Amino acid sequence: MNTILTGVRVNEEPTLGNFLGAYVPMVNLSHEHAKDSQINFFVPDLHSFTTPVEHSKLYDLTIKGVKYYIAAGLDVDNPNVHFYRQSRVPAHAQLCWILDCFTPFGEASRMTQFKEKSAEHPDAITVGLFNYPILMAADILLYDAKYVPVGEDQLQHLELARNIAIRMNNKFNQELFTLPAPEQEQIKFMHLKKALRIRSLTDPTKKMSKSAENEKSKILLSDDPKQAAKKIMSATTDSEGVIRFDMINQPGISNLLTIESLLTNRDIQDVISDWAGQTSYGDLKRKVADSVMHFLSGFQERVNAITDDDVKAILEKGELYANEIANNKLLQVEKAVGLYK
Ligand code: ATP
Ligand code: MG
């Protein structure tokens, strides 16, 4: 069986963009491969503070993040689905150290995300931020994961994990690690032609981001549904005066049409035809606001029905499984590098 592995960073409240662009596709993938793969969902909680976070909120966000996935439709009763916290599986940090010693400094220094993030947080450039792609390699290689659905920004890190695996397999002359599939195969596996980008409500030329400061730019999954509807009503549009799907000239309207189609599970072309030629942006906003409100109420109801104890039981079960697999792999690596016979 192949292993599909995905990490869910929960250092801030996720947005509707995260939900539609990451949660839903991941859950769909887990249904598609329910029988033919091991499906590992993990909370990369050790990655959470590679950039500054509010530590007092981290634990609750971790628990909530798991609830969001279940409310999005993840089948946690499937025996092939495993949900665990990275920090509860010590082998991640242990393997990371070993991989560190097989990663040339120059190669790690080429990671563009480190360059970008260190420019964003010039006062808080830690060794952790530099080292996190290698921890990510450990997250993947410990479980022999072949498919790791990630956003574009993570493809370089995935390539690094692949290179580390190739190097160590060659050096120790054995198949220590399964190689993660190369970039093109990963993209094909996700059925993606083009990644989805939900836009900011206040500046639709940019994507909706959970770390954006302007609260009106984003719908949080925890937003009060009525407040969220208001954000849609005040979304930035344009002065063309006619409803058309045109990401270049009418990104705000196109974004609303996209959100409407995804939330109502309808083909985007059908939604576009429904509105073709209409001129009232207010009508469109009311319809989308209604869909957002409807979605959030139902979603939050499902989230609230899941207790912290349910989540802890799911995590503890997943962590037993993960520790067993990860410790076996770690031991194999420790033997290869000469720590044990
Ligand atoms: P940050 O502002 O902290 O970078 P983010 O909203 O970009 O937060 P990430 O944690 O970087 O979220 O990404 C989590 C997942 O959500 C990734 O798979 C990413 O591709 C996806 N994602 C993020 N924003 C959007 C969006 N606006 N539309 C679609 N998918 C998105
Ligand atoms: Mg991002």
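Treat the numbers as computed from the prediction; the structure is a model and nothing was measured.

Each value, and the rule that gives it
- Residues numbered from 1 in each chain as written.
- Chains lettered and ligands numbered in written order.
- Predicted model: local features only at pLDDT ≥ 70, side-chain atom pairs only at ≥ 80, totals over all residues.
- Heavy atoms only, no water.
- Helix = DSSP H or I, 4+ residues; strand = E, 2+ residues; numbered from the N terminus.
- Rg over C-alpha atoms; globule rule 2.2 N^0.38 Å.
- Buried < 20%, exposed > 50% of the residue type's maximum accessible area, 1.4 Å probe, protein only.
- Contact = heavy atoms within 4.5 Å.
- Lys, Arg positive; Asp, Glu negative; His and termini not counted.
- Charge placed at Lys NZ, Arg CZ, Asp CG, Glu CD.
- Domains from an automatic or database assignment.
- Buried area = accessible area lost by both parts, 1.4 Å probe.
- Salt bridge = Lys/Arg side-chain N within 4 Å of Asp/Glu carboxyl O.
- Polar contact = N/O pair within 3.5 Å; in protein donor to acceptor, adjacent residues only side chain to side chain.
- Nonpolar A, V, L, I, M, F, W, Y, C, P; charged D, E, K, R; others polar.
- Near = heavy atom within 4 Å.
- Patch = residues over 30% accessible without salt bridge, like charges linked within 9 Å, V, L, I, M, F, W, Y side chains within 5 Å.
- Areas by Shrake-Rupley, 256 points an atom, 1.4 Å probe, with all protein chains shown as cover.
- Expected span 1.5 Å × (residues − 1).
- Axes fitted to C-alpha atoms, helices over the stretch in contact; angles between N-to-C directions.
- Parallel < 35°, antiparallel > 145°, perpendicular 65-115°, else oblique.
- Left-handed = near helix turned anticlockwise from the far one by under 90°.
- Pairing = 2+ DSSP bridges.
- Right-handed = clockwise from strand over helix to strand, strands pointing away.

Trainee: Give a detailed account of the overall build of the chain, specifying residues and quantitative values.
Mentor: Each helix and strand counted, the chain has 13 helices and three strands in total. For the chain, whose C-alpha radius of gyration is 21 Å, the value lies close to the compact-globule estimate of 20 Å for 341 residues. Seen through its C-alpha atoms, the chain measures out along the principal axes to roughly 75 × 40 × 40 Å. Burial status across the chain gives 51% buried among its 341 residues. Looking at the chain alone, contacts between residues at least 24 apart form 75% of all its contacts between residues at least 6 apart. Positive and negative side-chain charges of the chain, numbering 38 and 44 respectively, have mean locations separated by a distance of 2 Å.

Trainee: Tell me about the domain arrangement of the chain, and please be specific about residues and values.
Mentor: When cut into domains, the chain gives domain 1 (2-191 + 307-336) and domain 2 (215-303). At the interface, 11 residues of domain 1 touch 12 residues of domain 2. In terms of surface lost to domain 2, no three residues of domain 1 exceed L16, L20 and A71, which account for 46% of the buried area on that side. Joining domain 1 to domain 2, the criterion identifies zero salt bridges. One can count four residue pairs in polar contact (both at pLDDT 80 or more) joining domain 1 with domain 2. At the level of secondary structure, the elements contributing two or more residues to the side of domain 1 that touches domain 2 comprise α1 (16-32) and α2 (55-71). Broken down by element, the residue count for the side of domain 1 that touches domain 2 peaks at four residues, all from α2. When the residues that make up the side of domain 1 that touches domain 2 are grouped by side-chain class, the tally is seven nonpolar, one polar and three charged.

Trainee: Please set out the site of ligand 1 residue by residue, giving values where relevant.
Mentor: Taken together, G17, N18, G21, A22, L196, R197, I198, K207, M208, S209, K210 and S211 are the residues near ligand 1. At a separation of 2.7 Å, an oxygen atom of ligand 1 approaches a polar side-chain atom of K210. With respect to ligand 1, the side chain of S211 contributes an N or O atom lying 2.5 Å from an oxygen atom. Across the shell around ligand 1, the residue classes break down as four nonpolar, five polar and three charged.

Trainee: Describe a negative patch on the surface, naming the residues involved and giving the relevant values.
Mentor: A surface patch of negative charge is lined by E116, E120, E152, D153, E159 and E183. Inspection of the secondary structure puts E159 in helix α7 (residues 155-171).

Trainee: Let's hear about α7: which residues, and what values?
Mentor: Counted at 1.5 Å a residue, the expected span for α7 with its 17 residues is 24 Å, and the 24 Å between its end C-alpha atoms agrees. Listed as buried for α7 are L155, H157, L158, L160, A161, R162, I164, A165, M168 and N169. Taken together, the buried residues of α7 touch α3 (91-100), α4 (105-109), α5 (112-120), α6 (127-141), α8 (183-189) and α13 (308-336). Directly after α7, the chain includes N173, whose backbone phi takes a positive value near 55 degrees.

Trainee: Before we move on, can you summarise the environment of L58 with the specific residues and values?
Mentor: Take L58: it is sitting in helix α2. According to the relative accessible area criterion, L58 is buried, its value standing at 11%. For the pair L58 and D45, spaced 13 residues apart in sequence, the C-alpha separation works out to 8.3 Å. Excluding residues that lie within four positions of it along the chain, L58 makes contacts with V10, N11, S48 and F49.

Trainee: Describe a nonpolar patch on the surface, and please don't skip the residues or the numbers.
Mentor: Taken together, the side chains of L331, L339 and Y340 make up a nonpolar region of the molecular surface, amounting to roughly 310 Å² of accessible area. Relative to the helices and strands, Y340 resides in the segment after α13.

Trainee: Go over the side chain of T51, please, and point to the residues and values.
Mentor: By the secondary structure assignment, T51 is in the loop between β2 (37-43) and α2. Residue T51 is classed as buried on the basis of its relative accessible area, which comes to 8%. Setting aside chain neighbours within four positions, we find T51 in contact with R9, N11, K117, H121 and L129.

Trainee: Describe the packing of helix α10 (residues 251-263) against helix α12 (residues 281-305), listing the residues and the values that go with them.
Mentor: Between α10 and α12, the shortest axis-to-axis distance is 10 Å and the interhelical angle comes to 40 degrees. For the element pair α10 / α12, the angle class is oblique. For α10 against α12, the interelement crossing comes out left-handed. In this structure, α10 uses I253, L256, L257, I259, E260 and L263 to contact α12, whose residues at the interface are Y281, L284, K285, K287, V288, S291, V292 and F295. Within the contact of α10 with α12, the residues separate by chemical class into 10 nonpolar, one polar and three charged.

Trainee: A description of the pairing of strand β1 (residues 2-7) should follow, citing residues and the corresponding values.
Mentor: Pairing of β1 with β2, which is carried by six bridges, proceeds in the parallel orientation. By the bridge assignment for β2, G7 is matched with F42. Following the backbone out of β1, through α1 and into the adjacent parallel β2, one traces a crossover that is right-handed.

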